[in-house]
Amino acid sequence: MALAERSLGYDTRFGRGFISGVFAVALAALGFGGVLCLRFPSFLTTPDARALYPLDLIRFLIHLHLVAGFGLGVLSIVLSRRALLGLTGIALVVTATLLGGSQAPIGTLGGTRALGLDWFLLNILVLAMLFVPLERLFARLPAQGIFRPGWLTDLLHFGVSHLLVQLTVLLTLVPAALFFKWAVHPAIQHAVASQPALLQFVEIVLVADLSEYAVHRLFHAVPWLWRFHAVHHSSEAMDWLAASRIHLVDAVVTRALAFVPLYVLGFAPPALYAYLVFVSFHAVFIHANVRFDLRALDWVVVTPRFHHWHHAAHPVDKNFAVHLPWLDRLFGTAHLPPGRWPDAYGIAGRPVPEGYWRQLVWPLQRARRRPSPG
Ligand SMILES: [Zn+2]
Ligand SMILES: [Zn+2]
């Protein structure tokens with residue numbers, strides 16, 4: 001792939017300064033972001049999470065990131081004799097140090113609710129540490145590389161959706177409470193919430209996936225909804241980062257509707273949190289560029305191969321379930337030829353533009369002609 005061989009003017013092969021440069025920028029940016037969170041917690045951190053942070057450990061991690069970012073920045077310049085990535089990393093480390101570095105004083109805490117920079121940093125750190133090695137070791141398409149075409153667009157999708165987490169959570173939860181309070185019955189909620197947590201978890205997966213199946217199919221069938229969802233299907237490379245390419249409207253509407261039955265039934269918070277943790281890993285895993293053939297699980301829980309077929313360029317409109325593949329069997333939309341993976345991903349005719357901002361406004365622009373679903 002052209003972009004995998006040359007990027008930003010760098011030779012991307014190992015030992016040529018590109019990989020160290022990217023890691024320099026990534027680590028320095030994480031450390032820099034951590035320092036910003038320490039200095040401006042009111043604007044950049046999620047209020048509910050603040051009390052939970054082990055501050056000494058976080059300061060230590062910031063320290064490690066800044067030192068490693070600096071070292072790799074120098075290494076990148078030496079290896080590549082190009083300065084762009086290395087200097088960017090070093091500049092971020094210097095700025096972070098001027099702001100106090102890992103020992104920066106904690107800024108004033110106010111009631112302001114703004115951006116979830118802490119949420120973004122934690123997630124990108126954990127998911128990258130988990131999925132980058134996994135995809136390198138067990139790649140289905142080893143030639144694809146981490147920096148395949150469109151990776152920056154997907155990173156922006158990841159960044160914006162995490163920074164806006166407080167807003168999107170609010171938009172997910174409020175409609176249920178606003179429009180479906182009438183459907184709540186205390187006796188039913190009490191009965192549901194007093195079941196064992198594990199049973200509630202299984203029920204949440206079932207209830208949420210039933211509504212997600214319906215909403216997802218609707219997003220494929222209704223032309224103006226499809227324009228929002230087409231953004232998710234525009235990825236031609238499947239990997240852990242491609243999971244983030246979701247239009248904000250698609251994400252909020254799908255989650256808000258899936259939350260309605262969970263709200264009405266009144267599941268207990270521990271079971272709901274367990275489900276959230278499960279979803280945040282499982283949703284990324286099923287997009288990953290991994291070759292695992294989990295045949296025993298094929299019809300139990302959605303596997304990467306099952307969801308990759310949902311993203312196939314051909315056939316389209318298959319495998320709508322996000323957790324439970326047998327729902328597609330039940331409703332006649334399953335497609336899982338044994339041992340086979342799709343030849344190509346994306347939408348025929350490539351109707352969706354590249355780039356984050358163009359993808360954000362594209363569904364809102366008037367459709368000239370109906371793009372074919374994929
Ligand atoms: Zn879809
Ligand atoms: Zn997907």
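Structure first, text after, so check above.
Residues numbered from 1 in each chain as written. Chains lettered and ligands numbered in written order. Predicted model: local features only at pLDDT ≥ 70, side-chain atom pairs only at ≥ 80, totals over all residues. Heavy atoms only, no water.

A. The overall build of the protein chain, seen in detail. The helix and strand tally for the protein chain stands at 17 helices and two strands. For the protein chain, whose C-alpha radius of gyration is 22 Å, the value lies close to the compact-globule estimate of 21 Å for 374 residues. Structurally, the protein chain occupies a C-alpha span of about 60 × 50 × 45 Å along its principal axes. Looking at the protein chain as a whole, 46% of its 374 residues are labelled buried. Long-range contacts, defined here as pairs at least 24 residues apart, represent 78% of the contacts in the protein chain between residues at least 6 apart. Carbon and sulfur atoms form 72% of the exposed surface of the protein chain, whose accessible area is close to 18900 Å². (Helix = DSSP H or I, 4+ residues; strand = E, 2+ residues; numbered from the N terminus. Rg over C-alpha atoms; globule rule 2.2 N^0.38 Å. Buried < 20%, exposed > 50% of the residue type's maximum accessible area, 1.4 Å probe, protein only. Contact = heavy atoms within 4.5 Å. Areas by Shrake-Rupley, 256 points an atom, 1.4 Å probe, with all protein chains shown as cover.)

B. Region of interest: the coordination of the zinc ion (ligand 2). Taken together, the protein donors to the zinc ion (ligand 2) comprise His232 (NE2), His287 (NE2), His307 (NE2) and His311 (NE2), at separations of 2.0 to 2.1 Å. Metal-centred angles of 93 to 159° between the four donor atoms at the zinc ion (ligand 2) mark the site as irregular. In terms of primary sequence, the donors binding the zinc ion (ligand 2) are separated according to H-x54-H-x19-H-x3-H. Taken together, the positions of histidine 232 in helix α12 (residues 223-233) and histidine 307 in helix α15 (residues 304-310) put the pair 75 residues apart, joining distant regions of the chain. We note that histidine 232, like histidine 307, is buried. (Donors = N, O, S within 2.8 Å, 3.2 Å for Na, K, Ca; no water. Tetrahedral: all angles 85-135°; square planar, octahedral: opposite > 155°, others 65-115°.)

C. Helix α7 (residues 117-137), seen in detail. Compared with the 30 Å implied by 1.5 Å per residue over 21 residues, the 30 Å span of α7 between its first and last C-alpha is a close match. The principal kink in α7, of about 30°, is found at alanine 128. Every buried residue of α7 is listed here: Leu117, Asp118, Phe120, Leu121, Asn123, Ile124, Leu125, Leu127, Phe131, Val132 and Glu135. In this structure, the buried residues of α7 make contact with α2 (18-39), α3 (41-44), α4 (47-50), α5 (55-80), α8 (151-163) and α14 (269-285). (Expected span 1.5 Å × (residues − 1). Bend = angle between axes of the 7 residues up to and from the residue.)

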